[in-house]
Amino acid sequence: MEYIDLGTSGIKISPMFIGGMSFGEPDPAQHVWTLDQEQTQAVIARALELGVNAIDTANCYARGTSEEYIGQALRNLNVPREKVVLASKVYFNEGHSSAAAIKREVEGSLKRLGTDYLDLYILHRFDYGTPIEETMEALDGLVREGKVRALGASEMYGYQFHNLEAAAERNGWTKLSTVQCHYNLIYREDERELIPVARQYGAIPTAYSPLASGHLARKTWDSDSLRGRTDRVEHSKYDHDRAADQPIIDRVAELADRHGVSMAQIALAWQWVHGPAAPIVGCNSPERVDQAVAALDVKLSEHDIAYLEEPYNAHELVGPLARPGEKPLAGTTTPPLAK
């Protein structure tokens, strides 16, 4: 496993995170397809065995039980704290990312994970109701206290990420080292502004839904899996563009056959072709971890990359919260969101 820099933080991470949304008690209002404690531990154990040292979760995933399951798994496995990079998030909670909320929510995440510090603390969304300076100063305070090592942001407009970084620079506060964005072969809107702006500041993309909720891992659009039948957020993100996106899926399948690998491995291999990145991979079994790590060995040619990208058409934005007074964007109406 070759490790990469977590932005400008000085932390070394594997070029992928294991996604914590798959872990925790089933939530009838959102996710009923999560893994139990034993299954969570099996996935994490295999990831660590293969060198994947980064785990991403959030205070709202499975109503906090994702963090609890991850923390318990690491204790059961007797994993030295310095051997794992833990990331969590703040926003989908009372007070969003106000200073008071940040101070309260980080304590809850630390308790549930059973740790004294987070390696990465992420703004889950841009907070229109809190001054940027209040948010960034509060986050910097956590770094200075040693409760957080690095900072990131998730799902926002490019100008918002820029404004957060500019405020940090202006005041000598800790800058953002990552941008977690909705990014895969059938949704590439953040190539326009958000990802270039983040890279300008030295932050790396940590894409969520790199397999587009499984659409890039199978030839057919629909799935009879429990998640495929019940994940309303998945359907709101992708179903309205299925006709435009199916040709890309067909090309992923074609290249998978040509390379003798799975479709998921082709889709993941593409995540690393445009610069350092650490996509967040949701795995429901140790075998899925094996498959994800094997994608690191898949090398796409310039022709392969062009062939995969050529059919893409612009999409309606899915992920960043609408500005006050604007029509909500697709996939942004039912908190907590998919990512």
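The rules behind these values
- Sequence order sets the numbering: in each chain, residues are counted from 1 along the sequence as written.
- For a predicted model such as this one, the threshold for reporting local features is a pLDDT of at least 70, and the threshold for listing and counting side-chain atom pairs is 80 or more; totals across whole chains, interfaces and linings nevertheless cover every residue.
- For side-chain calculations, the full set of non-hydrogen atoms in the structure is used, while hydrogens and water are omitted.
- Think of it this way: any DSSP run of H or I at least four residues long counts as a helix, any run of E at least two long counts as a strand, and we number them from the N terminus.
- Our radius of gyration is a C-alpha quantity, and the globule rule it is checked against amounts to 2.2 Å times the number of residues to the power 0.38.
- Each residue's exposure class comes from its accessible area (1.4 Å probe, protein chains only) as a fraction of the maximum for that residue type: buried when under 20%, exposed when over 50%, partly exposed otherwise.
- Between two residues, a contact is recorded if the distance between any of their heavy atoms is within 4.5 Å.
- The Shrake-Rupley method, run with a 1.4 Å probe sphere, supplies the accessible areas, and residue values consider only the shown protein chains as cover.
- Two residue types count as positive, namely Lys and Arg, and two as negative, namely Asp and Glu; His and chain ends fall outside the count.
- Charge coordinates come from a single atom per side chain, which is NZ of Lys, CZ of Arg, CG of Asp or CD of Glu.
- We call two strands paired when DSSP finds no fewer than two bridges between them.
- Here a crossover is taken to be right-handed if, once the strands point away from the viewer, the path from the first strand over the helix to the second is traced clockwise.
- As a rule, the C-alpha atoms of each element are fitted with a line to give its axis, helices using only the stretch in contact, and angles between N-to-C directions run from 0 to 180 degrees.
- Roughly parallel means an angle under 35 degrees; roughly antiparallel, over 145; roughly perpendicular, 65 to 115; everything else is oblique.
- Two helices that cross are described as forming a left-handed crossing if the nearer one is turned anticlockwise from the farther one by less than a right angle, and a right-handed crossing if clockwise.
- When residues are grouped by polarity, Ala, Val, Leu, Ile, Met, Phe, Trp, Tyr, Cys and Pro land in nonpolar, Asp, Glu, Lys and Arg in charged, and all others, Gly among them, in polar.
- Classification of ring pairs rests on two measures: the distance between centres of Phe, Tyr or Trp rings, Trp counted by its six-membered ring, which must be within 6.5 Å, and the angle between planes, read as stacked under 30 degrees, edge-to-face over 60 and tilted in between.
- Two limits define a charge over a ring: the Lys NZ or Arg CZ must be within 6 Å of the ring centre, and within 35 degrees of the ring normal.

Enquirer: Hey, could you run me through the overall build of the protein in this one?
Expert: If you tally the helices and strands in the protein, you get 12 helices and 10 strands. A globule of 339 residues ought to have a C-alpha radius of gyration of about 20 Å, and the protein, at 19 Å, matches this closely. In terms of overall dimensions, the protein has a C-alpha envelope of 50 × 45 × 40 Å along the principal axes. Here the protein, with 339 residues, has 60% of them falling under the buried criterion. Contacts spanning at least 24 positions in sequence make up 78% of the contacts within the protein whose residues lie at least 6 apart. As presented, the protein carries roughly 13,500 Å² of accessible surface, and 49% of it is formed by carbon and sulfur atoms. The distance from the centre of the 34 positive side-chain charges to the centre of the 48 negative ones in the protein is 2 Å.

Enquirer: Help me out: how do you make sense of the pairing of strand S6 (residues 118-123) in this one?
Expert: On a regular strand, one side chain projects to one face of the sheet and the next to the other, so that they alternate. Counting buried positions over the six residues of S6 gives six, a clear majority of the element. Where strand S5 (residues 85-90) lies against S6, four bridges are found, and the strand directions are parallel. Residue pairing for S6: Ser 88 is matched across the bridge by Tyr 121. Read as a crossover between parallel neighbours, the route from S5 over helix H3 (residues 99-113) to S6 is right-handed. Pairing analysis gives five bridges linking S6 to strand S7 (residues 148-154), with the strands arranged parallel. Residue Leu 123 lies in a different strand from S7, and its bridge partner there is Ala 153.

Enquirer: So what exactly am I meant to see when it comes to the packing of helix H1 (residues 37-49) against helix H2 (residues 65-76) here?
Expert: The contact between H1 and H2 brings their axes to 9 Å, and the two run at 60°. The angle between H1 and H2 falls in the class oblique. Handedness of the H1/H2 crossing: right-handed. Together, Gln 37, Thr 40, Gln 41, Ile 44 and Leu 48 of H1 and Glu 68, Tyr 69, Ile 70, Gln 72, Ala 73, Leu 74 and Asn 76 of H2 make up the contact between the two elements. When the residues that make up the contact of H1 with H2 are grouped by side-chain class, the tally is six nonpolar, five polar and one charged.

Enquirer: It is not clear to me how the sheet that holds strand S9 (residues 204-205) should be interpreted in this structure. Could you clarify?
Expert: The strands making up a sheet associate through hydrogen bonds between their backbones, and the pairing can be parallel or antiparallel. Ordered in space as S9-S8-S7-S6-S5-S4-S3-S10, the eight strands form an open sheet in which the pairing is parallel. Edge positions in the open sheet fall to S9 and strand S10 (280-281), since each of these has one partner strand only. As defined by bridge partners, S7 adjoins strand S8 (residues 176-180) across four bridges and the pair is classed as parallel. Residue Gly 152 lies in a different strand from S8, and its bridge partner there is Thr 178.

Enquirer: Any chance you could explain the environment of Val 43 here in plain terms?
Expert: When you line up the elements, Val 43 lands in helix H1. Placed 246 residues apart in sequence, Val 43 and Val 289 show a C-alpha to C-alpha distance of 7.0 Å. Leave out the neighbours within four places in its chain, and Val 43 touches Ile 18, Phe 23, Leu 35, Cys 283, Asn 284, Ser 285, Pro 286 and Val 289.

Enquirer: Please explain the packing of aromatic side chains as it appears in this structure.
Expert: Enumeration according to the criterion identifies four aromatic pairs in this entry. Measuring from ring centre to ring centre gives 5.2 Å for Phe 126 and Tyr 128, while their planes differ by 75°; the resulting arrangement is edge-to-face. For Phe 126, a relative accessible area of 12% gives the class buried. Taking the centre distance of 5.1 Å and the plane angle of 40° together, the rings of Tyr 183 and Trp 270 count as tilted. Separated by 87 residues along the polypeptide, Tyr 183 in the loop between S8 and helix H6 (194-200) and Trp 270 in helix H10 (residues 263-270) bring together distant segments of the chain. Judged by relative accessible area, which is 1%, Trp 270 ranks as buried. Note that Arg 81 overlies the ring of Tyr 117, its terminal NZ or CZ placed 3.9 Å from the centroid. One cation-aromatic arrangement involves Arg 251 over Tyr 307; the distance from NZ or CZ to the ring centre is 4.2 Å.

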